[in-house]
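Below are the chains, spelled out letter by letter.
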Amino acid sequence: MRRTRGLHRKQRQKVPFPTVALVGYTNAGKSTLFNRLTGSEVFAKDLLFATLDTTQRTIRLPQGRPAIIADTVGFISDLPHELVESFRATLEEVGEADLILHVRDIASADTDAQAADVESVLQQIEIPEGKTRRVLEVWNKIDLLDGDAREAVLGQAERQQRDGTAVAVSAWTGEGVESLRETIARLIDDDPETRVTLAPDQGEALAWLYEHGRVTDRETDELGRTHVAVRLHPAALGRFERLYPDLAG
Ligand SMILES: Nc1nc2c(ncn2[C@@H]2O[C@H](COP(=O)(O)OP(=O)(O)O)[C@@H](O)[C@H]2O)c(=O)[nH]1
Ligand SMILES: [Mg+2]
């Protein structure tokens, strides 16, 4: 299992999109949120990535930025022995994610104890070199709250959303999910900016950049050349350099 996962991961590293992993206590609403975020969107691209199983899909973030989102098994405190291996594989996968979404059932009386359990598991995850542990808490099931409890949770979430540490949602009704998308995009939008100059006949390369990165600036000069500033995931930049060797710089 672990070896197979390792192979999957190696292949997946070729996928030039940032990855987001959903973690959380069993029943927190991870799978519901996963479905809500991915919706019925089926990208032709997903069909190309044979390594993507049903728990991994491509999502489009605001500004058209693609990301891979992965659902995972729930974290529970007493893990049956036979699950430990597959759980370890899950943790390795989570460690490599660009962003971890910690989904919490904020309406549960046990929400704080559950969060503490999940955090202690997250602390044990080894983060590969060159990556930082970035966790966004998703306070789910706000549709179950009303009155003062709802006000308190929404108020606290609004403050924390500004520094990118928590967002309140209902995966069930969809409330807050758009803000969640924006926060995810903001948190993983730290790809380095690359500048590329394209000749007038290089529209194909330009289309590739729009498809795989986020174009932040574009200008055409008097010679008809297009100067593009684009934020690209390092893996996407590598691919661009192989596809268009004389352009990247
Ligand atoms: N009321 C409400 N129920 C939810 C919400 N999200 C998930 N659920 C329910 O919570 C239960 C567990 O959800 P699931 O997505 O399977 O949780 P997972 O174990 O974390 O994947 C299911 O019965 C869902 O319908 C929500 O936002 N509001
Ligand atoms: Mg689930």
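Further up the page is the structure itself.
Residues numbered from 1 in each chain as written. Chains lettered and ligands numbered in written order. Predicted model: local features only at pLDDT ≥ 70, side-chain atom pairs only at ≥ 80, totals over all residues. Heavy atoms only, no water.

As a further point, take the packing of aromatic side chains. Evaluated as defined, the whole model comprises 2 aromatic pairs. Taking 5.6 Å as the distance between ring centres and 40° as the angle between the ring planes, the aromatic pair formed by Trp208 and Phe240 counts as tilted. On the criterion of sequence distance, the pair formed by Trp208 in helix α8 (residues 203–212) and Phe240 in helix α9 (residues 234–243) is long-range, its members being 32 residues apart. Both residues of the pair, Trp208 and Phe240, count as buried. Centre to centre, the rings of Phe240 and Tyr244 are 5.2 Å apart; their planes meet at 45°, and the pair counts as tilted. Of the two residues, Phe240 and Tyr244, neither departs from the other in class, the shared state being buried. Aromatic rings pair up to connect Trp208, Phe240 and Tyr244 into one cluster. (Phe/Tyr/Trp six-rings, centres within 6.5 Å; stacked < 30°, edge-to-face > 60°. Helix = DSSP H or I, 4+ residues; strand = E, 2+ residues; numbered from the N terminus. Buried < 20%, exposed > 50% of the residue type's maximum accessible area, 1.4 Å probe, protein only.)

Listing the buried residues of α9 in full gives Ala236, Gly238 and Phe240. Turning to α9, the residues buried within the fold contact β7 (193–198) and α8. (Contact = heavy atoms within 4.5 Å.)

Before going further, it helps to examine the environment of Thr58. With respect to the secondary-structure elements, Thr58 resides in strand β2 (residues 56–60). Thr58 sits 11 residues away from Ile69 along the chain, and the two C-alpha atoms are 6.2 Å apart.

Attention now goes to the pairing of strand β5 (residues 135–140). Within β5, 5 of the 6 residues are buried, which leaves it mostly tucked inside the rest of the structure. Two elements, strand β4 (residues 99–105) and β5, share 6 bridges in a ladder whose sense is parallel. Counted as the bridge partner of Leu101 is Leu136 from β5. As a crossover connection, the stretch from β5 through helix α6 (residues 147–162) into strand β6 (residues 166–168) is right-handed. (Pairing = 2+ DSSP bridges. Right-handed = clockwise from strand over helix to strand, strands pointing away.)

Ordered in space as β7-β9-β8, the 3 strands form an open sheet in which the pairing is antiparallel. Of all the strands in the sheet, the pair left with one neighbour each is β7 and β8 (214–220). Averaged over all pairs of adjacent strands, the angle between strand axes in this sheet comes to 15°, irrespective of strand direction. Two elements, β7 and strand β9 (residues 226–231), share 6 bridges in a ladder whose sense is antiparallel. Residue pairing for β9: Arg195 is matched across the bridge by Ala229. (Axes fitted to C-alpha atoms, helices over the stretch in contact; angles between N-to-C directions.)

The subject of this paragraph is unusual backbone geometry. Phi at Asn27 is positive, roughly 80°, even though this residue is not glycine. Mapped onto the elements of the fold, Asn27 is located in the loop between β1 (19–24) and α2 (30–38). Assessed through its relative accessible area of 63%, Asn27 is described here as exposed. Positive phi values are uncommon outside glycine, yet Lys141 reaches one of about 70°.

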